[in-house]
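# Architecture and fold: a report
Each chain is listed here by its residues.
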Amino acid sequence: MASQLGNAMENLIKVFYKYSSKEGDSSKLSKAELKNLLYGEFADFLAASKDPMVVENIMKDLDENRDGQVDFQEFVVLVAALTVACNEFFEQSRK
Ligand SMILES: [Ca+2]
Ligand SMILES: [Ca+2]
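Residues numbered from 1 in each chain as written. Chains lettered and ligands numbered in written order. Predicted model: local features only at pLDDT ≥ 70, side-chain atom pairs only at ≥ 80, totals over all residues. Heavy atoms only, no water.

## Some details on the environment of Val 79
Its place among the elements puts Val 79 in helix H5 (residues 72–94). In this structure Val 79 comes out as buried when scored by relative accessible area, which is 15%. Linking Val 79 and Leu 12, residues 67 residues apart in sequence, is a C-alpha distance of 8.7 Å. (Helix = DSSP H or I, 4+ residues; strand = E, 2+ residues; numbered from the N terminus. Buried < 20%, exposed > 50% of the residue type's maximum accessible area, 1.4 Å probe, protein only.)

## A few points about the coordination of the calcium ion (ligand 1)
Protein coordination of the calcium ion (ligand 1) is provided by Ser 20 (O), Glu 23 (O), Asp 25 (O), Lys 28 (O), Glu 33 (OE) and Glu 33 (OE), with donor distances spanning 2.3 to 2.7 Å. Here the donor residues of the calcium ion (ligand 1) share one chain and are spaced in sequence as S-x2-E-x1-D-x2-K-x4-E. Taken together, the residues Ser 20 in helix H1 (residues 4–20) and Glu 33 in helix H2 (residues 31–41) connect sequence positions 13 residues apart. For Ser 20, a relative accessible area of 0% puts it in the buried group. Looking at Glu 33, the relative accessible area reads 2%, which means it is buried. (Donors = N, O, S within 2.8 Å, 3.2 Å for Na, K, Ca; no water.)

Shown next, in the form of structure tokens:
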């Protein structure tokens, strides 16, 4: 995969597994792993949020099947939502 979008997808997968393989099920993010991923990759986003429960709330929102873990399918929902939010931000700043 050499296309730009292909690279982006590959990176998305790599980042997910970098954090998900630290403990327990290597294909799922535990709450601690999700927290590390959020702080490692979305630090600005978390800093902008004043909600101390932000990680708990994100976890609750993402965990579709209620198994207490975030799998890749659940994770991409977060990335898609943040990408949409980013796009809106850039649209605003282009005006
Ligand atoms: Ca894990
Ligand atoms: Ca889950």
